[in-house]
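Here is how the chains run, residue by residue.
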Amino acid sequence: LKARNSQLETSMQQTQKSLQTTRSFMHNANSNLMQRLDILENRQRYKEALIKNQKWTYSALTPCEAYWDSIQEEGLEAASEFLEQIEKNTRDMRCGDVEGDESEDGKILIRAELPFNTMFLPHWEEFASAVEQYQHALNCLPKEKKSSFHLYDVELPGTVLSLLSKALQSTHFHSFILGKNGFGRAGVKFALKYVENNPILKDFCLVQNPINHTDDINQLCEIVKAHPSIQMLGLGGCRGADINGYDMLQSIMTLGLNKLMLIDIDLSSNDISTEGGTFISDFLARNPILQLLNLCHNDLDDDDGLMIASALKHNTILRTLKLEGNPIARAGWVALRNAELDDTSLNSASDSNHTCSIDYPSVDRLKEFDGDWLDVTEMNGNPYSEGQFD
C-alpha cells in the first residue's frame, strides 16, 4: 500500500509539473499572440491614418502683412524659419514620415528664437493635431529606433501648452526635450505630466526652463524614481531664483543612487556652490551606476576639485565628468589630472582612475592660475597627454 501511494504521489507530481510546463507554454504563446495582434492593429491604424490624410491640406495661413511690418528686421528670419519648420514637421507627421538616421527616427524638431504671437496659433493647432495622429506611425517604429520631440527657443504660452498636452497624451516619444520656452510653472507641470504618462521615455531635458518651486523638484524626483525607463535627465540652467542650487543637486543626484537605470545627469549652469559640503565627492566615491555627470558652469572651487579627485580613485563606472566653467584653480585641475593618470610611479599609475574622462578648460592659450602658468591646451579631451604643470 505504501509503495502504491508513493507511485501515485510521484505520478501526481509529474502530472503537476507537466501541467505547469503546459501552462507556462500557453502563457508565453498567448503573450506572443497578443503582441502580434497589437502590431497588426497598429499597422492597420497607421494605414487608416495615411488614407485619411490623403485628403488633408495644411489650412494655417501665413500671418498677415501687418504682422511682418510689426517685427524688427532680425525677427523676420526667425519667424520665417519657425513657420517653415512647424509646417514641415506637421506635413511629415501627417504623412507618417518616420525616416531618420541610422539610430533615430520619428524626430520632431522646432528651433527658432521667437516670441509667441497669436498669428501662430492656427499653425500650433495644425501641429498639435498632427502630433496626436502621429502615435500610429510611432507605434510601428522598429524597436531599435529612437523617436524624439524637441522644442527649443520657442515660446510656449498656456494656449499652446493646452493643445500639446492633449495631443501628447497617447503619442509617446523616447526623447522629450524642451529648452528656453518661457512657460513658467505651467510648463513645468505640463512636462512632468508627460514624463509620468510616457512609459517608454528614456531622455528628458528641461533646458533653461527655470523650476522655481521645491515642490516641483520633489515631484520630478518622485516621477523619475518610479519611471520604468528613464536613463538621461537634463536640467541645465533650471535653477529658479528661489531654489538653492546645492539642495537641488542633492535631490537630483540621489536618484543616481536609488535608480539603476539613470546613467546620465546634466546639472550645468545652476549656480551650484557646495560651501564645503561633500555630497558630490561622497556620491562619486560610492561608485553609483551613473556614467555621465555634467556640472559645467557652476561655482565649484579648488576644494571641490580636490575632493572630487580623491573620490574618483574609488569610482570605476563614471565615464565622463564635465567641470569646465567652474572657478577651480591650478591645484584642483592638477589633482583631477592626477586622478585620471598619476604617472609619477607605477603604483600611482595603477591607483589612478582608468575609466573616467574629464573635460578640462577648453582654451587654446596659456591660462594663469594664482600666478602660475598652466598649459591646458594639450589636456583638453586627452587626459593622458603631457600637459605642462610646472
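Residues numbered from 1 in each chain as written. Predicted model: local features only at pLDDT ≥ 70, side-chain atom pairs only at ≥ 80, totals over all residues. Heavy atoms only, no water.

Q: Tell me about the packing of helix H11 (residues 302-312) against helix H12 (residues 330-340), and name the residues and values.
A: One way to put it is that H11 packs onto H12 with a least axis distance of 8 Å and a crossing angle of 10 degrees. Accordingly, the angle class assigned to the pair H11 and H12 is roughly parallel. In this structure, H11 uses Asp 302, Gly 305, Leu 306, Ile 308, Ala 309 and Leu 312 to contact H12, whose residues at the interface are Arg 330, Ala 331, Gly 332, Ala 335, Leu 336 and Ala 339. (Axes fitted to C-alpha atoms, helices over the stretch in contact; angles between N-to-C directions. Helix = DSSP H or I, 4+ residues; strand = E, 2+ residues; numbered from the N terminus. Parallel < 35°, antiparallel > 145°, perpendicular 65-115°, else oblique. Contact = heavy atoms within 4.5 Å.)

Q: Describe unusual backbone geometry, and please don't skip the residues or the numbers.
A: With a phi angle near 50 degrees, Lys 180 is a residue other than glycine that sits in the positive phi range. Among the structural elements, Lys 180 can be located in the loop between strand S3 (175-179) and helix H7 (184-197). The backbone phi angle of Asn 287 is positive, close to 55 degrees, even though this residue is not glycine.

Q: Break down the pairing of strand S2 (residues 146-154) for me, with residues and values.
A: Of all the nine residues making up S2, eight are buried; the element is thus mostly covered by neighbouring parts of the structure. Note that S2 and S3 share five bridges and pair parallel. The residue of S3 that forms the bridge with His 150 is Ile 177. In this view, the connection linking S2 to its parallel neighbour S3 by way of helix H6 (residues 158-167) has right-handed handedness. (Buried < 20%, exposed > 50% of the residue type's maximum accessible area, 1.4 Å probe, protein only. Pairing = 2+ DSSP bridges. Right-handed = clockwise from strand over helix to strand, strands pointing away.)

Q: Account for the pattern of salt bridges, with residues named and values stated.
A: Scanning all chains against the criterion turns up eight salt bridges. Measuring nitrogen to oxygen at the nearest pair gives 2.3 Å for the salt bridge that ties Lys 146 to Asp 203. Pair noted here: Lys 146 is in strand S2 and Asp 203 is in strand S4 (residues 203-207), with a separation of 57 residues, a long-range link. Of the residues examined, Asp 203 reaches a relative accessible area of 13% and is grouped as buried. Of the charged contacts in the structure, one is a salt bridge between Arg 185 and Asp 216, with a shortest N-O distance of 2.9 Å. One end of the pair, Arg 185, is in helix H7; the other, Asp 216, is in helix H8 (residues 214-226), and 31 residues separate them in sequence. (Salt bridge = Lys/Arg side-chain N within 4 Å of Asp/Glu carboxyl O.)

Q: So what about the side chain of His 227? Which residues, and what values?
A: Topologically, His 227 is positioned in the loop between H8 and strand S5 (232-234). On the basis of relative accessibility, which here comes to 4%, the residue His 227 falls in the buried class. Among the polar contacts listed, one links the side chain of His 227 to the backbone oxygen of Val 195, at a separation of 3.2 Å. In this view, His 227 contacts Val 195, Asn 198, Pro 199, Leu 201 and Lys 259; residues no more than four positions away in its chain are not counted. (Polar contact = N/O pair within 3.5 Å; in protein donor to acceptor, adjacent residues only side chain to side chain.)

Q: Could you give an account of the pairing of S3, naming the residues involved and the relevant values?
A: Of all the five residues making up S3, five are buried; the element is thus mostly covered by neighbouring parts of the structure. Alternating residues of S3 divide into Ser 175, Ile 177 and Gly 179 and Phe 176 and Leu 178, and every residue in both groups is buried. Strand direction decides the pairing type here: S3 and S4, joined by five bridges, are parallel. Paired with Leu 178 across the strands is Leu 206, a residue of S4. Following the chain from S3 across H7 to the adjacent parallel S4, one finds a crossover that is right-handed.

Q: Give me the packing of H7 against H8: which residues, what numbers.
A: The interhelical angle for the contact between H7 and H8, taken along N-to-C directions, is 10 degrees, at an axis separation of 10 Å. Judged on the interaxial angle alone, H8 and H7 are roughly parallel. Touching Arg 185, Val 188, Lys 189, Leu 192, Val 195 and Glu 196 of H7 are Asp 215, Asp 216, Gln 219, Leu 220 and Ile 223, all from H8.

Q: Would you mind going over the environment of Asn 244 in detail, with residue names and values included?
A: Examined against the element boundaries, Asn 244 turns out to sit in the loop between S5 and helix H9 (245-258). A relative accessible area of 42% places Asn 244 in the partly exposed class. A C-alpha to C-alpha distance of 8.3 Å links Asn 244 and Asp 271, two positions 27 residues apart in sequence. A polar atom in the side chain of Asn 244 sits 2.9 Å from the backbone nitrogen of Tyr 246.

Q: Which residues make up the packing of aromatic side chains, and what values go with them?
A: The final tally for this structure, using the stated rule, is 14 aromatic pairs. Geometrically, the ring pair formed by Trp 56 and Tyr 58 is edge-to-face, given 6.3 Å between the ring centres and 80 degrees between the ring planes. Side by side, Trp 56 and Tyr 58 carry an identical accessibility label, which is buried. Centroid distance Phe 149 to Phe 173: 5.3 Å. Interplanar angle 45 degrees. Geometry classified as tilted. Taken together, the positions of Phe 149 in strand S2 and Phe 173 in the loop between H6 and S3 put the pair 24 residues apart, joining distant regions of the chain. (Phe/Tyr/Trp six-rings, centres within 6.5 Å; stacked < 30°, edge-to-face > 60°.)

Q: Describe in detail H9, supporting the description with residues and values.
A: Over its 14 residues, H9 runs 21 Å from end to end, which matches the ideal 20 Å to within 8%, given 1.5 Å per residue. Tucked inside the fold, the buried residues of H9 contact H8, S5, strand S6 (264-266), helix H10 (279-285) and strand S7 (292-294). N-cap assignment for H9: the residue whose side-chain oxygen lies 2.9 Å from the backbone N of Tyr 246 is Asn 244. (Expected span 1.5 Å × (residues − 1).)

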